[in-house]
Amino acid sequence: MMCRICKKLLLLTLWLTGYASQAVAADAASAAQKFSSVDTLWVLLGAALVIFMQPGFAMCETGLTRAKNAGNIVMKNVMDFAIGTPVFWIVGFGLMFGTDIHGLIGMPDFFVRSWTSGDAGYPTMAYIIFQTAFCATAATIVSGSMAERTKFSAYCLYSLAISLLVYPISGHWIWGGGWLAAAGFHDFAGSTAVHMVGGICAAVGAKILGPRIGKYNEDGSVNAIPGHSLTLACLGVFILWFAWFGFNGCSTVSMTGDDTLEAASHIFMTTNMAPAVAACTVMCFTWLRYGKPDVSMTLNGCLAGLVAITAGCDVVTVAGALAIGFFSGILVVLSVEFFDQKARIDDPVGAISVHGVCGAFGTLMTGLLAEKDGLLYTGDPHFFLVQVEGVVAVALYVTVVMFVIFHLIDHLVGLRVTPTEEINGLDFAEHGLPSAYADFMFVPEVPGSTSAPAPVPGSSKGSSAVPHATTQATEVQAARPATPDGHHYSLVTIITSRDRFQALKTAMEEIGITGLTATEVNGFGIQRGYREMYRGASVPARLLPKVQVDIVVSAVPVRTVIDAAKKALYTGRYGDGKIFVSTVDNIVKIRTGEEGFAALQDYPMEEEH
């Protein structure tokens, strides 16, 4: 009996001793833990949210540009992050956060071998990925303003240059311990360091690149080129608005302690207030200015408020955020109009105004409205002048460097696609895509052989001379009796390739045609469409994208229309198109009730009340 009791006590002692040793080991491990779990999670959450801004930019830019370039836009946004990630790790991070060299640049730290997070509550790698996401944001801003006419190869090169040199060096001045940081410059999450840098890169690039075809007329007037999907643009704005809480809120890089918790909560509040007020302001301002509330401009207003509050979201009051949102809303509308109409810099998405102008504005407003140091609170201009100095210095640096980079790239590979490629769309020209929306277009599969098309009798492919045979069309006016009002009407239908439309339209205007209807259609002749490749496999031939132009004429002879169209469209290759002529019995103008010849005449547009 006694032996059994001793045995039980011995086992209990051993168990208790083991449990105690485990507890001691756990306490020792806890005491030796260097990082804060909550701080690390907060920084990683911020990195994920800022990375999530990339699809936001992609959707916003895609929606505000034309469908024929949608695939090119999303490809560029993907490659911004893909190119920027290794480049920033290999070189950029060291230039930005390495040991300071005379306040101008960080000591190169290739592959980030020396830099550590020190006593911070998060690991080194957490901070690297967080800052990588910021770098990619600066690079992707440029995509929208140079959209629809930039070579993809050129885009990849200047995206690399921004992540490699441009953003890290100016970022070192502000966040890496450089001369602006030493002077007291305040840019909490990047109104200048990220957004203004990207906006100025965009402005320089768009200016050198030139406007899209058809944007400006010879008389100086501006043609609007609407984006193809405001729905996508709105989705992109909401994604950006959501992800911006990681951009600003998680820039505290800590959630330890009551003060930090209060600061993060304050940042969330100001970050939300500014875009909300900016959107309301733009809606009302455009309603008064244009007669209707402008949807795309209101979306830009949301982003303008977000960009402007980013510099001072931690130091301005909620009322200050409201003021920043209000003024940035007005500013973005006036800025878009200025660059579009006065400066004649074609910016399809308004990136220059949203990021460049409002980024600078928000940084300056921080100098006025910062609760502790702002000029309007203290009466001391020192802090405001430091903010001005920082904005001007970064703007000058980025302008000069990007001017050189863009011209080097233009010399090496060329910045701009050809006019034909631009008209056809970069999806096809740069990536071989017939459309980013293939399943939503009327492009049924065309069965058939892959053999070469049969030759056209009396002509040869690629011939540069106009064939002697003329289009089999007669003067319908002479063959058909006149209508009761004494006039003849003919419908001329011209089907040709999309890239020839502008030349055809110009030719028609030159012979006095004052109205035409253009429709995108799909079809094929003896050329049997084209074949395309996808993931290394051949896709069955599809119908060719065409444009159908319908013109009803009476005063202008049909033969004049035919001859002008043939001259404008002829290349001697397959796909020049066809011309069809048919008779029209009557024309009715719905607005006035006029019929016949009177319905064809142009009248000045009456003002709608």
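Just so it is clear, the model here is predicted, and its values are computed rather than measured.

Basis of the calculations
- Residues numbered from 1 in each chain as written.
- Predicted model: local features only at pLDDT ≥ 70, side-chain atom pairs only at ≥ 80, totals over all residues.
- Heavy atoms only, no water.
- Phe/Tyr/Trp six-rings, centres within 6.5 Å; stacked < 30°, edge-to-face > 60°.
- Helix = DSSP H or I, 4+ residues; strand = E, 2+ residues; numbered from the N terminus.
- Lys NZ or Arg CZ within 6 Å of the ring centre and 35° of its normal.
- Expected span 1.5 Å × (residues − 1).
- Buried < 20%, exposed > 50% of the residue type's maximum accessible area, 1.4 Å probe, protein only.
- pLDDT = per-residue confidence, 0-100.
- Contact = heavy atoms within 4.5 Å.
- Lys, Arg positive; Asp, Glu negative; His and termini not counted.
- Salt bridge = Lys/Arg side-chain N within 4 Å of Asp/Glu carboxyl O.
- Polar contact = N/O pair within 3.5 Å; in protein donor to acceptor, adjacent residues only side chain to side chain.
- Pairing = 2+ DSSP bridges.

## Description of the packing of aromatic side chains
Enumeration according to the criterion identifies 24 aromatic pairs in this entry. Considering the side-chain rings of phenylalanine 134 and tryptophan 175, the 6.0 Å spacing of their centres and the 80 degrees angle between planes classify their relative orientation as edge-to-face. Of this pair, phenylalanine 134 sits in helix H5 (residues 124-145) while tryptophan 175 sits in helix H6 (residues 152-175), and the two are 41 residues apart along the sequence. Among the aromatic residues, those joined into a ring-pair cluster are Phe88, Phe93, Phe97, Trp115, Tyr122, Tyr127 and Tyr167. For the cation-ring pair, arginine 344 lies above tyrosine 216, with the distance from its terminal atom to the ring centre recorded as 4.2 Å.

## Concerning helix H8 (residues 191-209)
The end-to-end C-alpha distance of H8 is 25 Å, a good match for the 27 Å that 19 residues give at a rise of 1.5 Å each. Along H8, 17 of the 19 residues are buried, which leaves the element largely enclosed by surrounding structure. Trailing H8 by a residue or two, glycine 210 shows a phi angle of about 90 degrees, which is positive.

## What to know about the confidence of the model for the protein
Mean pLDDT for the protein: 85, with 82% of residues reaching 70 or above. Across residues 533-538, confidence stays below pLDDT 50; counting only partners more than four residues off in sequence or on other chains, it has six contacts.

## Examining the side chain of aspartate 576
If you trace the backbone, aspartate 576 turns up in the loop between helix H20 (558-569) and strand S8 (578-583). Although aspartate 576 lies buried, it forms no salt bridge, and the closest oppositely charged side chain, arginine 500, sits 6.0 Å away as judged by the N-O distance. Of the polar contacts made by the side chain of aspartate 576, one reaches the backbone nitrogen of glycine 572; its length is 3.0 Å. With residues near it in sequence (within four places) discarded, aspartate 576 still touches Ile495, Thr496, Leu569, Tyr570 and Thr571.

## Brief notes about the pairing of strand S3 (residues 490-497)
The side chains of a regular strand alternate between the sheet's two faces. By the criterion of burial, S3 is predominantly enclosed, with six of the eight residues buried. The pairing of S3 with strand S7 (residues 544-553) spans eight bridges and is classified as antiparallel. The partner of serine 497 across the bridge, within S7, is lysine 546. Sheet analysis places S3 next to S8, joined by six bridges and oriented antiparallel. Each bridged residue has a counterpart across the sheet, and for serine 490 the counterpart in S8 is threonine 583.

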